[in-house]
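Tertiary structure, described
Here is how the chains run, residue by residue.
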Amino acid sequence: MEPDWNALSRVIRAHSATFYLGSRLFPPEARKGAWAVYAACRLGDEAVDGEGGGEEALEAWWEGVERAYAGRPRENWERGLTWALERWPIPFEAFAHMKEGFLTDLGPVRLKTEEELFTYCYRVAGTVGRMMAPIAGGALEAEAKAIRLGQAMQLTNILRDVGEDLARDRLYLPLDLLEAYEVKLEDLREGRITPGYRALMAHLEAKARALYREGLEGLRHLQVGRAAIALAALQYQGILDKLRLQGYDNLRRRAHLKPWERLLLLPKALLAARP
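Section: the pattern of salt bridges
Evaluated as defined, the whole model comprises 25 salt bridges. A salt bridge links R254 to D161; its shortest N-O distance comes to 3.3 Å. Taken together, the residues span a long stretch of sequence, with R254 in the loop between α13 (226-245) and α14 (259-264) and D161 in the loop between α8 (140-160) and α9 (162-167) at a distance of 93 residues. A relative accessible area of 37% places R254 in the partly exposed class. Put simply, R192 and D187 hold a salt bridge, and the shortest N to O gap is 2.8 Å. One salt-bridge network, held together by shared partners, links R160, D161, E164 and R254.

Here is the structure:
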């Protein structure tokens, strides 16, 4: 049975204006594949953070992923994923690693090292890069770059959402960096933006920028969707720009792009996508 693509696209629009806008730049069949994969990933995230989310909901989502890979889908999103799997070699391992990342989010989050931070960024977003690379016709070289781009986007999310995450008892800023920059948890909870905190944010922003540079090098290895991926990356980099302009005040504010700011990035994305 053909998936209900309108329903899948509504999932995308409801949860990520950034991804939806970028997806419109894929050719039709690849766009459907991107929607199918993103909807599956997004619903996994909702199984953790959405209404009724938790360990049981996450396991139900995982069973849906397994059904899709077995060719026995039930839900519409599972039919979409099965449809995509019939056309592209989307690695099951990427979903398995993503589940590990979602399991991290179920409990209080405290990461000890910067290495753990980048592992987490791989699990919840670098895996999306691995899933999207075959849809974009990427050569083998594209997968590693796609992982870097996913890590960059997730690190951007983390830097944007420090305050919101703290309210959920999640702290993705690793302990080794908090100690190195003399940032105290009490200051974060009180919303105090100290010089050390700004230095820590600048350090991680630089890491994210480096990941974007490396990830965008993979565009040349893609057959389709280069502009779509470039536009998504540019929008996320725009969030970093806003965050820096706000003095890294992310404990009580959320850096974001307005719709017109997203549209202004389209010509730059089209230029970046040129062979």
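Observations concerning the side chain of R31
Along the chain, R31 turns up in helix α3 (residues 28-49). For the buried residue R31, which engages in no salt bridge, the nearest side chain bearing the opposite charge is E29, 12 Å off. Those residues in contact with R31 that lie beyond four places of it in its chain are S23, R24 and F26.

With respect to helix α4 (residues 55-70)
Spanning 16 residues, α4 covers 23 Å between terminal C-alpha atoms, matching the ideal 22 Å at 1.5 Å per step. Of all the residues in α4, the buried ones are L58, W61, W62, G64, V65, R67 and A68. Along its buried surface, α4 packs onto α3, α5 (76-85) and α6 (92-106). G71 sits one or two positions beyond α4 and adopts a positive phi of about 75°.

Side note on the packing of aromatic side chains
With the rule as written, the count across this model stands at 11 aromatic pairs. Ring geometry for W5 versus W83: centroids 4.9 Å apart, planes at 75°, classification edge-to-face. Pair noted here: W5 is in helix α1 (residues 5-15) and W83 is in helix α5, with a separation of 78 residues, a long-range link. Assessed through its relative accessible area of 8%, W83 is described here as buried. In this structure an aromatic cluster arises from ring pairing among W61, W62, Y69, F92, F95 and F102. Geometry around Y20 places R13 over its ring, the cationic atom sitting 5.3 Å from the centre.

Some thoughts on the side chain of N250
Within the secondary structure layout, N250 lies in the loop between α13 and α14. A polar side-chain atom of N250 sits 2.5 Å from the main-chain carbonyl oxygen of L159. With residues up to four places along the chain from it excluded, the contact list for N250 reads L159, R160, V162, G163, I193, Y197, M201 and L243.

Overview of the packing of α4 against α6
Interaxial distance between α4 and α6 falls to 11 Å at its minimum, and their mutual angle equals 175°. By the angle class used here, α4 and α6 are roughly antiparallel. Every residue of α6 that contacts α4 at E55, L58, E59, W61, W62, V65 and Y69 is listed here: F92, F95, A96, M98, K99, F102, L103 and L106. Looking at side-chain class alone, the contact of α4 with α6 contains 12 nonpolar, no polar and three charged residues.

Considering unusual backbone geometry
With a phi angle near 60°, D169 is a residue other than glycine that sits in the positive phi range. Relative to the helices and strands, D169 resides in the loop between α9 and β2 (170-171). Backbone geometry places E182, a non-glycine residue, at a positive phi of 55°. In this structure, E182 sits in the loop between α10 (175-180) and α11 (185-189). Using a relative accessible area of 65% as the deciding quantity, one classes E182 as exposed.

Parameters and conventions
Residues numbered from 1 in each chain as written. Predicted model: local features only at pLDDT ≥ 70, side-chain atom pairs only at ≥ 80, totals over all residues. Heavy atoms only, no water. Salt bridge = Lys/Arg side-chain N within 4 Å of Asp/Glu carboxyl O. Helix = DSSP H or I, 4+ residues; strand = E, 2+ residues; numbered from the N terminus. Buried < 20%, exposed > 50% of the residue type's maximum accessible area, 1.4 Å probe, protein only. Lys, Arg positive; Asp, Glu negative; His and termini not counted. Contact = heavy atoms within 4.5 Å. Expected span 1.5 Å × (residues − 1). Phe/Tyr/Trp six-rings, centres within 6.5 Å; stacked < 30°, edge-to-face > 60°. Lys NZ or Arg CZ within 6 Å of the ring centre and 35° of its normal. Polar contact = N/O pair within 3.5 Å; in protein donor to acceptor, adjacent residues only side chain to side chain. Axes fitted to C-alpha atoms, helices over the stretch in contact; angles between N-to-C directions. Parallel < 35°, antiparallel > 145°, perpendicular 65-115°, else oblique. Nonpolar A, V, L, I, M, F, W, Y, C, P; charged D, E, K, R; others polar.

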